[in-house]
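# Summary of structural features
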Amino acid sequence: MASSEEDGAGGGSLEEKEKGRKRRLGALATAWLIGYNIAMTAGWLVLAIAMARFYMQKGTYKGLYKTIQKTLKFFQTFAVLEVVHCAVGIVRTSVLVTGVQVSSRIFMVWFITHSIKQIQNEESVILYLVVWTVTEITRYSFYTFNLLNHLPYFIKWARYNFFIILYPVGVAGELLTIYAALPYVKKTGIFSLRLPNKYNVSFDYYYFLIIVMASYIPLFPQLYFHMLWQRRKVLHGEVTVEKDD
Ligand SMILES: CCCCCCCCCCCCC[C@@H](O)CC(=O)SCCNC(=O)CCNC(=O)[C@H](O)C(C)(C)COP(=O)(O)OP(=O)(O)OC[C@H]1O[C@@H](n2cnc3c(N)ncnc32)[C@H](O)[C@@H]1OP(=O)(O)O
C-alpha cells in the first residue's frame with residue numbers, strides 16, 4: 001500500500017512541494033482504500049447473510065443463486081478496481097497476479113454462471129460461492145484493519161491460512177461448474193461464431209472453455225505459491241522486502 005508517512009512539510013522548494021504532493025496522494029489513497037475495503041467487506045457480508053438466510057428458510061440451495069446474483073455480480077465486478085489499484089501503484093502487488101485472479105472470477109460470474117442458466121442450481125456453484133464469500137470477508141477485513149493499524153492477529157492468521165484449503169476447494173467448484181456448462185454450451189452454441197459469416201472467422205466457445213479449464217493447470221499453482229510465499233513473509237517474517245513507496 002502507498003505510504004502516507006513521507007517526510008517533508010510543504011515548504012517552498014520544488015523538492016519539498018513534490019514531497020508534499022506525495023504525502024497528500026498517500027493520505028488520499030489510504031482514505032480511498034479504507035472506504036473501498038469497508039464497502040467490499042460489507043458487500044460480501046451481505047452476501048453471506050443472504051445465503052445463510054435463504055438456506056435456513058428454504059432448507060435447500062436450489063434457487064439460492066437467483067436470489068443473491070445481483071449482489072454477487074455487483075461486488076465481484078467492483079473488484080476490477082483492484083487491478084486499477086495495482087496499475088496506478090496505490091497497492092504494492094502484481095498487476096498480473098491480481099489480473100488473473102480477478103478476470104477468472106469475473107469470467108465465472110458473467111460468462112458462465114450468469115449466461116448458462118441451466119447450471120445455476122449446481123452444487124459446484126454453491127461450493128465456489130461459499131468459498132469466495134469466506135475468502136473475501138477475511139481478505140477485505142484484513143486490508144481494512146491493516147490500513148487502520150489495528151489488525152487483530154486472528155484475522156491476519158485467517159488471511160494467510162484459510163487459503164491453503166479454500167483455494168483448491170474454490171478452484172474445484174469453478175472447474176466443476178465450467179464442466180457442467182459444457183453440454184449446454186455445445187447444444188446452444190452460445191457465444192460461438194460459425195462459418196460462413198461476413199467476418200470469415202469462427203469461434204467455438206465449447207473449445208474455448210476447455211482451454212480455460214486447461215489453463216488452470218499452469219496458472220493456479222502460480223497463484224497458490226504466490227500466496228504461500230506471502231504467508232511465509234507475513235506470518236514467519238522469513239523474507240525482508242524493501243518498501244519503496
Ligand atoms: C478470460 C478468461 C480468464 C480465465 C483464466 C483462467 C485461469 C484461472 C487460474 C486462476 C484460478 C483462480 C481461482 C480463484 O478464483 C479461486 C479462489 O479465489 S478460491 C478462494 C481462495 N482464494 C484465495 O484465498 C486467494 C484470494 N486472492 C488473493 O488473495 C489475491 O487476489 C491475490 C492477488 C492472489 C493476493 O496477492 P497479494 O500479493 O495482493 O497478497 P496480499 O494480500 O499479501 O497483499 C500484498 C500487499 O498489497 C496490499 N493490498 C492488496 N490489496 C489491497 C487492498 N485492497 N487494500 C489495501 N492494501 C492492499 C496488502 O496490504 C499488502 O501490502 P503490504 O505488503 O504493504 O502489507
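Residues numbered from 1 in each chain as written. Predicted model: local features only at pLDDT ≥ 70, side-chain atom pairs only at ≥ 80, totals over all residues. Heavy atoms only, no water.

UniProt feature "transmembrane region" (unreviewed entry): in the numbering of this structure it lies at residues 33–56, 77–100, 160–185 and 205–225. Along residues 33–56 the backbone is 100% helical and 0% strand, and the end-to-end C-alpha distance reaches 34 Å. Between the first and last C-alpha atoms of residues 205–225 the distance is 30 Å; the span itself is 100% helix and 0% strand. (UniProt positions renumbered as here; feature names shortened; annotations may be inferred. Helix = DSSP H or I, 4+ residues; strand = E, 2+ residues; numbered from the N terminus.)

Here we come to the packing of aromatic side chains. Scanning the model with the defined rule gives 22 aromatic pairs in all. Pairing phenylalanine 74 with phenylalanine 78 gives two aromatic rings, centres 5.6 Å apart and planes at 20°, and the pair type is stacked. Here the residue phenylalanine 74 and the residue phenylalanine 78 both occupy positions in helix H2 (residues 64–78), the gap between them amounting to four residues, near one helical turn. Between the aromatic rings of tyrosine 206 and tyrosine 207, the centroid separation amounts to 5.1 Å while the plane-to-plane angle is 90°, which identifies the pairing as edge-to-face. Note on tyrosine 207: relative accessible area 48%, which makes it partly exposed. (Phe/Tyr/Trp six-rings, centres within 6.5 Å; stacked < 30°, edge-to-face > 60°. Buried < 20%, exposed > 50% of the residue type's maximum accessible area, 1.4 Å probe, protein only.)

This brings us to the site of the ligand. Around the ligand sit 34 residues, and of these Thr93, Tyr143, Arg159, Tyr160 and His226 come closest. Between the ligand and arginine 105 there is a distance of 2.9 Å, counted from an oxygen atom to a side-chain nitrogen or oxygen. In this structure, glutamine 230 approaches the ligand through a side-chain N or O atom, which is 2.9 Å from an oxygen atom. When the ligand sits alone it has 1,400 Å² of accessible area, and the protein chains cover 90% of it. Those elements giving two or more residues to the shell around the ligand turn out to be helix H1 (14–58), helix H4 (95–114), helix H5 (123–147), helix H7 (162–188) and helix H8 (205–236). A breakdown of the residues in the shell around the ligand according to their chemical character gives 17 nonpolar, 11 polar and six charged. (Near = heavy atom within 4 Å. Polar contact = N/O pair within 3.5 Å; in protein donor to acceptor, adjacent residues only side chain to side chain. Areas by Shrake-Rupley, 256 points an atom, 1.4 Å probe, with all protein chains shown as cover. Nonpolar A, V, L, I, M, F, W, Y, C, P; charged D, E, K, R; others polar.)

On average, residues of the protein chain carry a pLDDT of 90, and 87% of them reach 70 or more. Here residues 2–11 scores under 50 on pLDDT; set against residues more than four positions off or in separate chains, the count is 21 contacts. For the stretch residues 240–245, pLDDT sits under 50, and the model shows 10 contacts to residues farther than four places along the chain or on other chains. For this predicted complex, the interface score ipTM comes out at 0.93, while the overall pTM is 0.89. (pLDDT = per-residue confidence, 0-100. Contact = heavy atoms within 4.5 Å.)

Once that is clear, we can look at unusual backbone geometry. The peptide bond linking leucine 195 to proline 196 adopts the cis configuration, its omega dihedral lying at -5°. Relative to the helices and strands, proline 196 is located in the loop between H7 and H8. Residues other than glycine seldom take positive phi values, yet asparagine 149 does so here, at roughly 60°. One can find asparagine 149 in the loop between H5 and helix H6 (153–159). Positive phi outside glycine occurs at asparagine 200, with the angle close to 60°. Structurally, asparagine 200 can be placed in the loop between H7 and H8.

On to the nonpolar core. Ranked by internal contacts, the top residues of the largest apolar core, which has 49 residues, are Trp44, Leu72, Ile112, Leu129 and Leu209. Listing elements by their share of this core, those giving two or more residues are H1, H2, H4, H5, H7 and H8. For this core, the leading source of residues is H8, giving 11 residues. When near neighbours in sequence (up to four residues on either side) are disregarded, isoleucine 112 contacts Phe107, Ile119, Thr177, Ile178, Ala181, Tyr205 and Leu209. Residues Leu33, Ile34, Ile90 and Leu147 belong to the second largest nonpolar core, which totals five residues. (Core = buried A, V, L, I, M, F, W, Y, C linked by side-chain atoms within 4.5 Å.)

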